[in-house]
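# Structure assessment
Listed below, chain by chain, are the residues.
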Protein chains: 2
Amino acid sequence: MSTLTNAAEVLRLFGSGCHAITVTEVGARLGLPKASASRLMKAMRECGMLETIGDSRQHRPGAMMLDLAAAFRQSSSLMRDAAEAVAAVTRQYGHTGYISIRIGQEVTAVVDFEGTAALRVVSNIGQHLPAHLAATGRALLARLPETDLAALYAGHSDLDTILPRIAACRAQGYSLSIQETTPGVEGISVAVGDPGTGEAVALCLVYPHAVVTPQDRDAMIAALGARAADLAQRFGDPIFRAPDFSNRTTP
Amino acid sequence: MSTLTNAAEVLRLFGSGCHAITVTEVGARLGLPKASASRLMKAMRECGMLETIGDSRQHRPGAMMLDLAAAFRQSSSLMRDAAEAVAAVTRQYGHTGYISIRIGQEVTAVVDFEGTAALRVVSNIGQHLPAHLAATGRALLARLPETDLAALYAGHSDLDTILPRIAACRAQGYSLSIQETTPGVEGISVAVGDPGTGEAVALCLVYPHAVVTPQDRDAMIAALGARAADLAQRFGDPIFRAPDFSNRTTP
DNA sequence: AACCATGGTTCCATAAATCCGAACAAACGG
DNA sequence: CCGTTTGTTCGGATTTATGGAACCATGGTT
């Protein structure tokens, strides 16, 4: 089914900052003759997968993607309930929260809740980060058996630092990110899973480093952990480990 | 391109509460032989458009839809800026806000911002409402020339009530919904457009009817209208009309 | 254990769609 | 207006998609 594959490749070009694209660009990036690119994108327009922006030559994903992303979120009880839990913590503390999932070596945000606090965080839905470099990613990786983790990162140049860091996160029950992905911003994350579906999500809060004391931070970790523990009990997650403050690191 | 059309039809089944679907259901709903449905969905799984939920037979849209929805939102300066404007009003008043777009006779939400107030609103992204029955829809319809509006609703059974209602909304510069789509909930909406791309979005706030006084409501309408006016000026919207309280109705 | 129903997958000959380069059309900028 | 760039259409050979039949997997019943 080459047409479907080509269409998916076109759709996959939208990411990493690419919100709109022309026929010529698609042809160049996918190595398609311009006639093929033009015809494919015409067909994708006609079935709603793409749409043009006004009368311009720029194409973007079609509006149906809003429905599809919503259906994806709603398809999982775990994601739905985790989102509710994070929303509640966001309301409680006023900081931005979100839930993330892992896809291979990357994490991506599923839904976010903007806080009322001073920090304005651009939504990171649609962004993919290396999992080991983000609090959410580390929390999710910590759920993997050692063998699976080693296999996932086999041959990775930073293997020496990744494995111990994830192990520390696993022992601690949460992960912390200090100015790691965004200057001035700290993030805390706890992951929980559903053995019935094999899914796992990371619950996360982000806040400005400068305005949150260590005591505040611990309170938020505890709140996030309590919500996650509730989810873990509800879904019967055998891997879940509640945050443990007795051995502090920044994994 | 029949395969692409079929794939799009499969994807379009996700909506109106359908978050997951099996091969047999797809075959039945699209009138496809089960062999065709099976093969099509297998190909869609392989290119990431669909994924199964754990080991079950249930299929959902693939996670790539999160990226595509984000790209859709980011592809439009108007949507981005309108979202920021609504987020600010949500923070200011604590009520849930969102922006919507119109697709034919329907409206759908693009992005929402959950408030801190008592009202817990389930995200309506992924829901489609008849435009004329929603505040956002009426605000957007009010932007259409009379002839376009009449053509859009030609033959509609409620034409006698739709046209005057939209006209009233047009005269007033905003629309109001009182317990119309959700019991106990009121919504206010103002629409603004970008003549460069031909796009229009409705900015909207929803709040519990019981806790918001008419004075509060007017203040929120004014705040939303001021933000929309700023957008209208920035994008050069010749149709925009600021909220006008001198002739109150509930259009 | 054998059988049945249900849901899903694979096979294969035929039908339909796709492909690419060339020709053509449209849009843009000087 | 003209030249350049971008995008679209055409058509026959090639590739892919199709549907019914056969097969497979799973769970429940006798």
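Residues numbered from 1 in each chain as written. Chains lettered and ligands numbered in written order. Predicted model: local features only at pLDDT ≥ 70, side-chain atom pairs only at ≥ 80, totals over all residues. Heavy atoms only, no water.

Named according to an unreviewed UniProt entry, chain A is Transcriptional regulator, IclR family originating from Salipiger marinus.

### Overview of the protein's contact with DNA strand C
Taken together, 18 residues lie near DNA strand C, and Ser36 and Arg39 of chain A together with Thr24, Lys34 and Ser38 of chain B sit nearest. When atoms of DNA strand C within 4 Å of the protein are sorted by moiety, sugar and phosphate together comprise 67%. For DNA strand C, a sugar or linking oxygen lies 3.4 Å from a polar atom in the side chain of Arg57 of chain A. In the model, a base oxygen of DNA strand C is placed 2.7 Å from a nitrogen or oxygen of the Lys34 of chain B side chain. Those elements giving two or more residues to the surface near DNA strand C turn out to be helix 1 (2-12) and helix 3 (34-46) of chain A together with helix 2 (23-30) and helix 3 (34-46) of chain B. The greatest single-element share of the surface near DNA strand C, amounting to 6 residues, is contributed by helix 3 of chain B. In the surface near DNA strand C, the residues fall into 5 nonpolar, 6 polar and 7 charged. (Near = heavy atom within 4 Å. Polar contact = N/O pair within 3.5 Å; in protein donor to acceptor, adjacent residues only side chain to side chain. Helix = DSSP H or I, 4+ residues; strand = E, 2+ residues; numbered from the N terminus. Nonpolar A, V, L, I, M, F, W, Y, C, P; charged D, E, K, R; others polar.)

### Description of the relation of the copies chain A and chain B
Put simply, the two copies of the chain differ by a rotation about an axis and a shift along that axis. Laying chain A over chain B is done by rotating through 180° and shifting 0.0 Å along the axis; what remains is an RMSD of 0.0 Å. Here the two chains are linked by the operation of a two-fold rotation axis. (Least-squares fit on C-alpha atoms with pLDDT ≥ 70 in both.)

### What about the pairing of strand 8 (residues 199-208) of chain A?
Residue and element names in this part refer to chain A. Within strand 8, 9 of the 10 residues are buried, which leaves the element mostly enclosed by the surrounding structure. Two strands pair when backbone bridges link them, and strand 3 (residues 96-103) and strand 8 are joined in this way by 5 bridges, in the antiparallel orientation. Counted as the bridge partner of Ser100 is Ala202 from strand 8. Strand direction decides the pairing type here: strand 7 (residues 185-194) and strand 8, joined by 10 bridges, are antiparallel. Residue pairing in the sheet places Ile188 in a bridge with Leu205 of strand 8. Where strand 7 folds back on strand 8, the antiparallel hairpin that results is connected by 4 residues, among which Gly198 adopts a positive phi of roughly 75°. (Buried < 20%, exposed > 50% of the residue type's maximum accessible area, 1.4 Å probe, protein only. Pairing = 2+ DSSP bridges.)

### Quick word on the pattern of salt bridges
For the structure on display, the rule yields 19 salt bridges over all chains. Two residues, Asp237 of chain A and Arg143 of chain A, come together in a salt bridge whose shortest N-O distance is 2.7 Å. A residue pair is termed long-range when its members are at least 10 positions apart, and Asp237 of chain A in the segment after helix 9 (214-235) and Arg143 of chain A in the loop between helix 6 (135-141) and helix 7 (146-152) qualify at 94 residues. What makes Asp237 of chain A buried here is its relative accessible area of 9%. Where salt bridges share partners, they join Glu51 and Arg60 of chain A together with Glu199 of chain B into one cluster. (Salt bridge = Lys/Arg side-chain N within 4 Å of Asp/Glu carboxyl O.)

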